[in-house]
Every structure is written in C-alpha cells, then in structure tokens.
Amino acid sequence: MLLIYNTLTRTKEEFNPINPPNVKMYVCGPTVYDYFHIGNARSFIMSDIIRRYLEYKGYEVKFVMNLTDVDDKIIKKSIDQKRDAKSVAEDYSKAFFEDIQKLKIKPANDYPKATNHIKEIIDLIKKLEQKGFAYNIDGNVFYNVNRFSNYGKLSGKKIDELESGARIEINDEKKDPLDFALWKKAKEGEPFWESPWGKGRPGWHIECSAMSCKHLGETFDIHAGGNDLIFPHHENEIAQSEAATGKKFVNYWIHFGFLNINNEKMSKSLGNIFTARDILKIYSAEAVRLAFAQTHYAGPLNFSDELLSSAEKGLEKLKNLAEKIEEEIKENRQEGIVPKLDFEKYKNNFGTAMDDDFNSPQACAVIFDFVRDVNRAIAENENISLKFYLSVKEFLQNTAEGVLGILDFSETANQSNGALENDLIELLIKLRQDAKLEKNYVLSDKIRNELKNIGIELQDSKSGTTYKKNKK
Ligand code: AMP
Ligand code: ZN
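About the criteria used
Residues numbered from 1 in each chain as written. Chains lettered and ligands numbered in written order. Predicted model: local features only at pLDDT ≥ 70, side-chain atom pairs only at ≥ 80, totals over all residues. Heavy atoms only, no water. Axes fitted to C-alpha atoms, helices over the stretch in contact; angles between N-to-C directions. Helix = DSSP H or I, 4+ residues; strand = E, 2+ residues; numbered from the N terminus. Parallel < 35°, antiparallel > 145°, perpendicular 65-115°, else oblique. Left-handed = near helix turned anticlockwise from the far one by under 90°. Contact = heavy atoms within 4.5 Å. Nonpolar A, V, L, I, M, F, W, Y, C, P; charged D, E, K, R; others polar. Salt bridge = Lys/Arg side-chain N within 4 Å of Asp/Glu carboxyl O. Buried < 20%, exposed > 50% of the residue type's maximum accessible area, 1.4 Å probe, protein only. Core = buried A, V, L, I, M, F, W, Y, C linked by side-chain atoms within 4.5 Å. Domains from an automatic or database assignment. Pairing = 2+ DSSP bridges. Expected span 1.5 Å × (residues − 1). Near = heavy atom within 4 Å. Polar contact = N/O pair within 3.5 Å; in protein donor to acceptor, adjacent residues only side chain to side chain. Areas by Shrake-Rupley, 256 points an atom, 1.4 Å probe, with all protein chains shown as cover.

Participant: How should the packing of helix α10 (residues 305-331) against helix α13 (residues 386-404) be read in this particular structure?
Facilitator: Two numbers describe a pair of packed helices, the interaxial angle and the distance between the axes. Close contact between α10 and α13 brings their axes to 9 Å; oriented N to C, the two are set at 140°. In terms of orientation, α10 lies oblique with respect to α13. Considering only the axes of α10 and α13, their crossing is left-handed. For the pair α10 and α13, the contacting residues are Leu318, Leu321, Ile325, Glu326, Glu328 and Ile329 in the first and Leu386, Tyr389, Leu390, Val392, Lys393, Leu396 and Ala400 in the second. Tallied by class, residues from the contact of α10 with α13 come to ten nonpolar, no polar and three charged.

Right under this line is the structure:
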C-alpha cells in the first residue's frame, strides 16, 4: 500500500488513483529565463523518482510538466539583452531539455508551454468572469479571492491571516490585496495577445490551471512542485480551477523541500546560485541523483561539495559491482553454484521504503545492503552460475537504475568494453615486444603503425611501452 503525504490534508494518505492503473501527474516546471539551478533540479529529479516508482508499481503514468515561457523575468532579461522575449524563452527552453536529459530525467508525456495555450487561458478567464470570480479593471483582470469560500485550504490559512503574513504586492486597483492577476494589460514593448479585455498576457497562476485541465482533465491525481509554490501559486490554481469547474481539482498535493547551499539560502545577492549545467561538469548525473535521493523529498537539503563527492564515492561500490556482473554475464557460465541470497527480501524492503511516502533514503540503504551482501556472496563462492548474476542485474536494473536512476548499465557496458579494449592493446604491445626480440622488425613496425592508424600511439621508454589514445 502506497502512502503519500498530502499537503492538502496534512496527513499521509493511502494512494488511490481515480482511474487505475492510470495516474495523472502534473509538476510545475521551469520559468525559462535562465539555466535552471540545482534547487530546481531537486524538484525535477524527485518528481522523476516519484513518477518512476509509480511506473515500477505498475501504474501507467501520464506525466506533464509545463514551461512558463512568458513572464516578468523573461521580459526583464529580454530588455537587458536587447532581444525579444520569444528568443530568450526559446534559448532557455532548449537548454532546459539538454540539462534534464543530462540528469537522466525521463521525458514527460507533454511539456505544454503557456504561449501555446493562450486560447485555453482566455476561455478559462471568461468562465471565471461569467461566474463572478473575476473582475476587469481597465484591461487588467483579477481573481476575487473573497468569492471563493475555500481560499486558503491548501496553505491551511484563513484569508485575514494570509493578508497579514504574505508579501503581496500593493496595488490600489485590486479589491483585496490577495486578489491576483489573471490577465495583465500589455505595457509598452511587452509581448501581448488580443483578448476580450484588450491586448495583454496571462498571469502565471492561470497558465497551470488551463494547461493541467487541457492535458489531464478537470480532476487529476497528483500535482507537485517546490514548497515555495504552496502559497500563492498552488492555492491560486485551486481557486481558479475549482471555481471554474465546480469540481475538486487535485487529489494529492506533493511538495518538495528547499535546497540550501552550505546552509544558506540560494540567492543572487549571496552569489551562491549553481546551475545544474555547471555542477554536471564536475559530478556525474548519478551522483547528483544519489545525493538528492539520500534525503527525503519533503525535508530541506543542504547542498555542498562534500555531499556530492561522498555520493560519487558511494557510487563506486555500485558501479564496480555492475561492471563485475556484466563481465560474469559475458562468461555465460551455465553450470555452477547459485549462492543463497533472498532476493525477495531486498525487493520487499525496497518497496516498503518507497511505499512509505517515497522514502528514498531508506530505499538507497536497501540497495547498498544488497551490494554488500552480493559482494560477500561472490567472495565466498567460486564458479557462480550465470543465473545468480542475472538475478543480481535484474534487481539493480529495476531499482537502482529504473527507479532511482543512480546506475546506468549502458555506461557500465561501455566501460567494460573499454577495459577489454585496454587489455587488447596491452596484448598487442606484448606481441610487438616478442616480435622485436625475434628481430622481426617488419611485424613490430606493422603493429605500431596499424595501432597509430586507429588512433593509438605507442610510446617507448626505458621502463617499457605505454600508449596514448588520440581522440578522433
Ligand atoms: P521556477 O523556475 O523558479 O518557476 O521553479 C521551477 C521549480 O523548481 C518549481 O517547482 C520550484 O518550486 C522549484 N524550486 C525553485 N527553487 C528551489 C530550491 N531552492 N529548492 C527546491 N526546489 C526549488
Ligand atoms: Zn504551476
């Protein structure tokens, strides 16, 4: 039984999708005005792990992540860089896709963009206006929070508490400081679309209500995002969607804890914003994923170099075992002994951990226990049969690779091919040495030249022959 902590009810609840085995999941994606940072990466990776675990359990997940491609920050950047907002958004959307691929995040079923959904957004605002939830002041349309009796149900606050606590922009036009823009009147030089209220562009919150409804329906199973989005973004999405449809918007709300850097909040003024792109120049995607998976998704996470280098170190054990089993599988030893290892136990423990509100730190611990026990079994036995190695590989493929994404067998296979390549070069060096001893210089030169032709350069010295692989 899968339990999920639901922000809406503030309890761990049994997960019951509306239409099993289908699960519909929406995650608030990036605002494409810059490369995404390592804090955003946490939300993207943890939602990826949740989605992969649901699939591991047999659910068919329709996973949608939006791209906010029209927004104040994009417009500001376009003004700073003296180019149009569209090209800023396009460049950083492209970078977003490159970076999530590098982080081995499984592609979503859809990546809707706000600018491709202007019609749906306008229709939704019109509906809210007709139902009396929206008012237009000179081309700016606002949502009237006092009309929605459940306003505050996600953040667990009443309207007056929210008014005194929140940093909300003061705007004389609005009836209530908590009212928020559904449609923003175009200012000089800003991108705009025609609408019943004049030229303008959508507010941020309405995008997600319109796009999630279009791609997942009026009511769907899971909505996720960083916990900075609980208020006002997700609160406002609920107010918009539920007022428009009269139905419950989302059953389970999942929120990711914030990532801090060396115990400080990430911010421009502190100069401690690291992009995922830069971090990946130093550390592997698997190390970033393991570092994140070793903390529960909902809690805060302190990011540091030590965290990543220790994750990289921890991964060595996993990679070494994966390489070993790939080699042994190639041996194809049909006969031989099958050490006793209770595979079901690890599988159950992994499932029990993840079923408890996606307890990935516990799931990682199960994997490392498994690695330790397999290594012990290998050390204690000789002539282990293929069957055993295949079972080990299957478990790691389903869990470490399939759910957590902290192992990549396709790379392991390349690496063991690399090891084989090195062994073959060493063998040729040895044969060349033998040829020289026999004064067969034609053969020894031939070996050297043929290797050179395929990009391997031999270097002779007093202590022997070494080689260098020249990149082609
Ligand atoms: P943004 O591009 O700022 O709209 O954010 C994209 C996603 O990343 C949202 O789900 C945010 O809640 C999340 N996010 C932003 N900053 C952080 C952070 N420091 N830690 C974790 N998640 C974050
Ligand atoms: Zn959103």
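Participant: So what exactly am I meant to see when it comes to the pattern of salt bridges here?
Facilitator: Where charged atoms from two side chains of opposite charge come close, those side chains can pair. Applying the stated criterion across every chain yields a total of 38 salt bridges. Between Lys86 and Glu90 there is a salt bridge; the shortest N-O distance is 3.7 Å. Taken together, the residues Lys86 and Glu90, both in helix α3 (residues 85-102) and four residues apart, mark about one turn of the helix. The class for Lys86 is exposed, based on a relative accessible area of 58%. Among the salt bridges present, the one from Asp460 reaches Lys436, with a minimum N-O distance of 3.9 Å. Taken together, the residues span a long stretch of sequence, with Asp460 in strand β14 (residues 456-461) and Lys436 in helix α14 (residues 409-437) at a distance of 24 residues.

Participant: Before we go on, may I ask you to explain the nonpolar core in this structure?
Facilitator: Across soluble globular proteins, nonpolar side chains have a tendency to be buried as a group. With 91 residues, the main nonpolar core has Ile38, Leu54, Phe292, Leu318 and Leu396 as its most contacted residues. The leading source of residues in this core is helix α12 (residues 360-380), at ten residues. The residue makeup of this core includes at least three contributed by each of domain 1 (3-280) and domain 2 (285-407). Residues contacting Phe292, with those up to four places away along its chain left out, are Ile38, Ala41, Arg42, Ile45, Met46, Leu259, Leu301 and Phe303. Counting 42 residues, the second largest nonpolar core, distinct from the first, contains Tyr26, Ile122, Leu124 and Val250.

Participant: Which parts of the structure should I look at to understand the sheet that holds strand β5 (residues 134-137)?
Facilitator: By definition, the strands of a sheet pair up through backbone hydrogen bonds, in either a parallel or an antiparallel sense. Taking strand neighbours across the sheet as the criterion, the four strands line up as β5-β6-β7-β8 in an open arrangement whose pairing is antiparallel. Each edge of the open sheet carries a strand with a single partner, namely β5 and β8 (200-202). With strand direction ignored, the average angle separating the axes of adjacent strands in the sheet is 25°. Across three bridges, strand β7 (residues 180-185) lies against β8 in antiparallel orientation. In the strand pairing of β8, Trp183 is matched with Pro202.

Participant: Just to check I follow, could you spell out helix α6 (residues 204-216) for this structure?
Facilitator: Because each turn of an α-helix spans 3.6 residues, side chains separated by three or four positions end up pointing in the same direction. Spanning 13 residues, α6 covers 19 Å between terminal C-alpha atoms, matching the ideal 18 Å at 1.5 Å per step. Across the 13 residues that make up α6, a large majority, ten, are buried. Phi turns positive, to about 100°, at Gly217, one or two residues after α6.

Participant: Explanation requested: the site of ligand 1 in the structure shown.
Facilitator: Neighbouring residues of ligand 1: 16 residues in total, closest Asn40, Ser43, Gly226, Asp228 and Leu259. For ligand 1, an oxygen atom lies 3.0 Å from a polar atom in the side chain of Asn40. With respect to ligand 1, the backbone of Gly226 contributes an N or O atom lying 3.0 Å from an oxygen atom. Protein chains bury 90% of the 490 Å² of accessible surface belonging to ligand 1 in isolation. Mapped by element, the contributors of at least two residues to the shell around ligand 1 are α1 (38-56) and β9 (220-226). Counting residues per element, the shell around ligand 1 draws most heavily on α1, which supplies three residues.

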